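The chain contents come next:
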Amino acid sequence: MSVTNNADASRMRTVFFSILFVLLSLLAFSFPAHAQQNDAALNAALSDLNARSFKAKTAAVQALGVYGDARAVAALEALSEGRLYGRKSDKSVVIAERDGKIYRLTDPATGVSAGEATSRELKKIIANNKLRGLIRGVLGQLALSSSDSELRRAAVENVISSPTGGSLALLKSARDRETEDDIRARLETGIATLELGSDDPALRRAAVDRLADGNDPEIKSLLERRLLKNADGSFVESDAQVRAEVQEAVSRINDRLALFGLAEDLIFGISLGSVLLLAAIGLAVTFGVMGVINMAHGEMIMLGAYTTFVVQEVFRVTMPAEAFGFYLLAAIPAAFLVAATFGILIERGCIRFLYGRPLETLLATWGVSLILQQMVRSLFGANNREVANPDWISGAISIGGGVSVTVSRVYIVIFCLVVVAALAAFIRYSRFGLQMRAVTQNRGMASAMGIRTGQVDALTFALGSGIAGVAGVALSQISNVSPNLGQNFIVDSFMVVVFGGVGSLWGTIVGAFGLGIVNKFLEPVSGAILGKVVVLVIIILFIQKRPRGLFAFKGRAAEG
Amino acid sequence: MGPISRRLFALESRSGWIAIAILLVIGLFIVPALNLMVPEGSLFHISTFWVATLGKYLCFAILALALDLIWGYAGILSLGHGAFFGLGGYAMGMYMMRQIGDRSVYGNPDLPDFMVFLNWDSLPWYWWGFDQFWFAALMVVLVPGLLAFVFGWLAFRSRITGVYFSIISQAMVFAIMLAFFRNETGFGGNNGLTDFKDILGFNLSQDSTKVGLYVVTTIALLLVYMICRAVVSSKLGRLLIAVRDAESRVRFLGYSVTNAKLFVFTLSAVLAGVAGALYVPQVGIINPGEFTPAKSIEMAIWVAVGGRGTLFGAIVGAFTINGARTYLTGVAPEVWLFFLGALFILVTLVMPQGLVGVYRSIRSGELKDAIRRRIQRVDV
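Since the structure is predicted, the reported quantities are computational estimates derived from the model, not experimental observations.

Novice: Tell me what's going on with the overall build of chain A, and back it up with residues and numbers.
Specialist: Helix and strand counts for chain A stand at 22 helices and 7 strands. In chain A, 68% of the contacts between residues at least 6 apart in sequence involve partners at least 24 apart.

Below you can see the structure in the form of structure tokens.
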């Protein structure tokens, strides 16, 4: 499982190589007595860096690379950054750090201080861009022999992405030494990639065979490039038999990529479905079980998201930095309580006077939603509020075939399933759940049995609202926290509940994932927005076919 | 008097006709006269801005009438009437867009600016014919009517009623909004249609055109009111009220509930389309914002505030709330949503019959009785 993020890949690579250099430098300086017999050759190559011609310098850099001594790292790094100097007195090569008017010198081979010098005593060893590029490659090659497998993995990627003349031999020797399977596999593809350009058709054919087993879109485009024609009309791949094999390899990779594409749609559909389910599950309680049309449902989600923001700010101020990442866990109960409190207020203050008048309930709760939106806008401002992803849910997981999923999405799927399971268990097994179902099924009888139906109404509504608030915590991680947050979900969540079947938690689950997956499968065909329009039209048409099946609900009848 | 005029006369009570006559005199003669004849700076001068604003309110009043017709009389609460209003507006906007011709920024006589901007080389087929006013006027009626007919046929046939109809109609307007926000749909995307120059040869920036549009809208409101009044006082109207109060019973009595509902829903959509078509030249722009579900819900509150099932109340509500909006968004913008939200709650909880209901109970003395009873109960 490699953790990467496409957008940040180049930045990460930079950061990574800085770390790599530091580690290798440490490695170089902490074992000065290592491999005595090689010292002479190393020193010779190092002093050759001070040669006058770039040709000689290039040869010296290459020698250091082939030589594979980690101690060369400091010198090469200094050379590419312009910190490598030749001392005029003894023609020795030193690394110099400017300190005011004088330079502090270090011996590159040993890492020991070599005294001080003024600028007159030194002559800068000049590198050009070509040399710097070579050094980058050589440094990568040096890292190939590191004992740290993470460093090796990165080095392999680096060598493969910018190969030099000696790379093939290096990769091969690295492959023979390599003990870890995944790195060796990567080395194999790297070697095959390089051999694809070799002059020997047999070698090329073997390489194509090996590459055909992969599922990397990059390798596919690499192979496809072999099928193109040069400017003079000849094929890039001159051998017809190899060309046929390349053709077949490409189609095999294509088949496999199509499977991955299918998997991608499915995974993204499940991800969208879990978001829809989170948004709708609270509604499944208030609308599905109670038959109350709560247009302020989206605002309960919004309140949950803003609670997350507030908890985050509180953590930032009061907690030590290492505990900050856990604000999200603290936000879950907080959001539940805030949204549930608002739920009770709305039910007691407004909705209870309107039972049996669904259209009026709809309008009154819409009024509530307008007031809540404006309240949040007045308190927090109209702009988006920043809710940070804690470290433990940032990053992405690569699945292969160019498909990757952000970790936060995975957490949301899990979180959503946990919430649904907890809710189902609560309704099924708890005493309050029993009372809730009793009131739903027969209000008069439940009341006669001593259940305080008014109280149950208020608490059921609070439960639905609280769950919406919890959904807000999760949604704050993937969407903008703004006063309009709830509005974006209201139509979708009503569609999920209506599509899945009012009054049934299972229906809501099936509805959410069904709509999510259908949506994602439609997107590549019709585009994101049109896909959504098509889904809405499908729902509208679908409930023509199954109005009773999906509309038959056992709750307090919403239609008088 | 002939039988037709007698029937027409019977549509309203004597006091109703007097009220209509007074309002017509004010709307058709006094307001334009105060704008055109009284010099600017005079205390009695009504600026063109206010005439245009009144014209806008009149369009909203037509829209509210359309909604009251189905909600107040047939019990169908459509939360998607913005769709019909907007489509009517778009049809008119397309006509005015074609009238711009080569006076646009890019100066292409065959294509509107946004199509030039999108590198389209020819007019899409659904824009054909919109350079003719009669065609656009036909579409103003046909497009919303057809959409409502198909949508209503699907919904009423499957006996989708009450809140489900509301939710589905909201989904419809939401879907249309998403589609119109796309550039590729071919209606100007996010920006919609704007920069209109003239309508039927009259320059839109001239005061006389604005007053003219206002007068046309006033007459349209009167006609729409009469149509609605005719429908609700007919046999069909009584059937609709019966459907509203006990749908199953009407069905069992052998009436075709589906057809009755479908007719009135389609008629309502056509009226909403006309309102949209009159609205667009007066405000000078139509964009997908008209299709946001929030706008469609807001229309319901105009009707509720005025008083459902009264027709007259719908007009009162549209004027009251939009007047309050103009005033409040100017004075204290952040208060407006609080006000509107509170209005939604208070009207449904405290005055379900709306302003007209309050007026009626004051006149009949019911309110006084109710308050007196309340006070006596407190005394005991």
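Novice: Please provide a residue-by-residue account of the overall build of chain B, values included.
Specialist: Scanning chain B from N- to C-terminus turns up 16 helices and 4 strands. Rg of the C-alpha trace for chain B: 22 Å, near the compact-globule value of 21 Å for 380 residues, within the 12% margin. In chain B, which comprises 380 residues, the proportion classed as buried is 43%. In chain B, 77% of the contacts between residues at least 6 apart in sequence involve partners at least 24 apart.

Novice: Got a sec to walk through the pairing of strand β3 (residues 102-106) of chain A? Specific residues and values, please.
Specialist: Residue and element names in this part refer to chain A. Across 5 bridges, the pairing between strand β2 (residues 93-99) and β3 is antiparallel. Of the residues in β3, the one forming a bridge with A96 is L105. Between β2 and β3, which pair antiparallel and follow one another directly, the connecting turn spans 2 residues, one of which, G100, has a positive phi of 70°. Across 4 bridges, β3 lies against strand β4 (residues 113-118) in antiparallel orientation. Bridge pairing links T106 to S113 in β4. Linking two consecutive strands that pair antiparallel, namely β3 and β4, is a turn of 6 residues; a positive phi of about 80° is found at G111 within it.

Novice: With reference to specific residues and values, describe the nonpolar core.
Specialist: Counting residues in each nonpolar core, the largest one holds 203 residues, and the members touching the most others are I62(B), L63(B), A64(B), L65(B), A171(B), A275(B) and A300(B). Counting residues per element, this core draws most heavily on helix α3 (residues 48-74) of chain B, which supplies 18 residues. Counting residues in each nonpolar core, the second largest holds 52 residues, with A75(A), A155(A), L170(A) and V208(A) among its members.

Novice: Tell me what's going on with the pairing of strand β1 (residues 84-87) of chain A, and back it up with residues and numbers.
Specialist: Sheet faces and side chains relate simply in a regular strand, where the side chains alternate between the two faces. Residue and element names in this part refer to chain A. Sheet topology note: the β1/β2 ladder contains 3 bridges and is antiparallel. The residue of β2 that forms the bridge with G86 is V93. Here β1 folds back onto β2, and the loop between the two strands holds 5 residues, one of which, K91, carries a positive phi near 60°. Sheet topology note: the β1/strand β5 (residues 122-124) ladder contains 3 bridges and is antiparallel. Bridge pairing in β5 links Y85 to K124.

Novice: How would you explain the interface of chain B and chain A if you had to name every residue and give the values?
Specialist: Tallying the contact residues gives 38 residues for chain B and 36 residues for chain A. Listing elements by their share of the side of chain B that touches chain A, those giving two or more residues are α7 (162-181), α12 (293-306) and α14 (333-349) of chain B. Broken down by element, the side of chain B that touches chain A gets its largest block of residues, 14 residues, from α7(B). For the side of chain B that touches chain A, the residue count by class is 28 nonpolar, 7 polar and 3 charged.

Novice: Kindly report on the packing of helix α4 (residues 81-100) of chain B against helix α11 (residues 257-283) of chain B, identifying the contributing residues and their values.
Specialist: Relative orientation and spacing of two packed helices are given, respectively, by the angle between their axes and the distance between those axes. Residue and element names in this part refer to chain B. Where α4 contacts α11, the two axes come as close as 7 Å, and the packing angle between them is 45°. By the angle class used here, α4 and α11 are oblique. Taken as a pair, α4 and α11 cross one another with a handedness that is right-handed. Contacts between α4 and α11 involve H81, F84, F85, G86, L87, G88, G89, A91, M92, G93 and M96 from the first element and A269, A272, G273, V274, A275, G276, A277, Y279, V280 and P281 from the second. Of the residues belonging to the contact of α4 with α11, the class tally is 14 nonpolar, 7 polar and no charged.

Novice: Help me get a handle on the packing of α12(B) against helix α15 (residues 354-363) of chain B, residues and values and all.
Specialist: Residue and element names in this part refer to chain B. Taken N-terminus to C-terminus, the directions of α12 and α15 make an angle of 0°; their axes are 3 Å apart at the nearest point. In this view, α12 runs roughly parallel relative to α15, as classed from their interaxial angle. Every residue of α15 that contacts α12 at A304, V305 and G306 is listed here: G354, L355 and V356. Split into classes, the residues belonging to the contact of α12 with α15 amount to 4 nonpolar, 2 polar and no charged.

Novice: So what about the sheet that holds β3(A)? Which residues, and what values?
Specialist: Residue and element names in this part refer to chain A. The 5 strands lie next to each other as β4-β3-β2-β1-β5, forming an open sheet whose pairing is antiparallel. Where the open sheet ends on each side, the last strands, each with one partner, are β4 and β5. This sheet shows a mean twist of 40° between the axes of neighbouring strands, independent of strand direction. Where helix α4 (residues 72-81) meets the sheet, it contacts β1 and β2, and its direction lies at approximately 55° from that of β2.

Novice: Please provide a residue-by-residue account of helix α8 (residues 181-195) of chain A, values included.
Specialist: Since the α-helix turns once every 3.6 residues, residues separated by three or four places project in the same direction. All names here are of chain A. Taking 1.5 Å per residue, 15 residues should reach 21 Å; α8 reaches 21 Å between its end C-alpha atoms and fits that length. Listed in full, the buried residues belonging to α8 are R186, L187, T189, G190, I191, A192, T193 and E195. Taken together, the buried residues of α8 touch α6 (149-161), α7 (167-177), α9 (201-211) and α10 (217-227).

Parameters and conventions
Along each chain, residue indices are assigned from 1 in the same order as the chain's sequence is written. Chain A is the first chain written and ligand 1 is the first ligand written, with later ones labelled in order. Note on the predicted model: pLDDT of at least 70 is required for a residue's local features to be given, and 80 or more for side-chain atom pairs to be given and counted; whole-chain, interface and lining totals, by contrast, use all residues. Only DSSP runs of H or I reaching four residues or more are called helices, and only runs of E reaching two or more are called strands; each is numbered from the N terminus. By the convention adopted here, residues are in contact when the distance between their C-beta atoms, placed from the backbone, does not exceed 7 Å. Only the C-alpha atoms count toward the radius of gyration. The rule for a globule is 2.2 Å times the residue count to the power 0.38. In this scheme every C-beta is placed from the backbone, and a residue whose C-beta has 20 or more other C-beta atoms within 10 Å is buried, one with 12 or fewer is exposed, and one in between is partly exposed. We call two strands paired when DSSP finds no fewer than two bridges between them. Definition of nonpolar core: a set of buried Ala, Val, Leu, Ile, Met, Phe, Trp, Tyr and Cys residues joined via C-beta atoms within 7 Å. Under the grouping applied here, Gly and all other residues not named as nonpolar or charged are polar, the nonpolar ones being Ala, Val, Leu, Ile, Met, Phe, Trp, Tyr, Cys and Pro and the charged ones Asp, Glu, Lys and Arg. An axis is simply a line fitted to the C-alpha atoms; with a helix, the fit covers only the stretch in contact. Between two such axes, the angle follows the N-to-C directions and lies from 0 to 180 degrees. Each angle gets one of four labels, with under 35 degrees taken as roughly parallel, over 145 as roughly antiparallel, 65 to 115 as roughly perpendicular, and the rest as oblique. Whether a crossing is left-handed or right-handed is set by the direction in which the near helix is turned from the far one by less than a right angle, anticlockwise for left-handed and clockwise for right-handed. What a helix is expected to span follows from its residue count: subtract one and scale by 1.5 Å.

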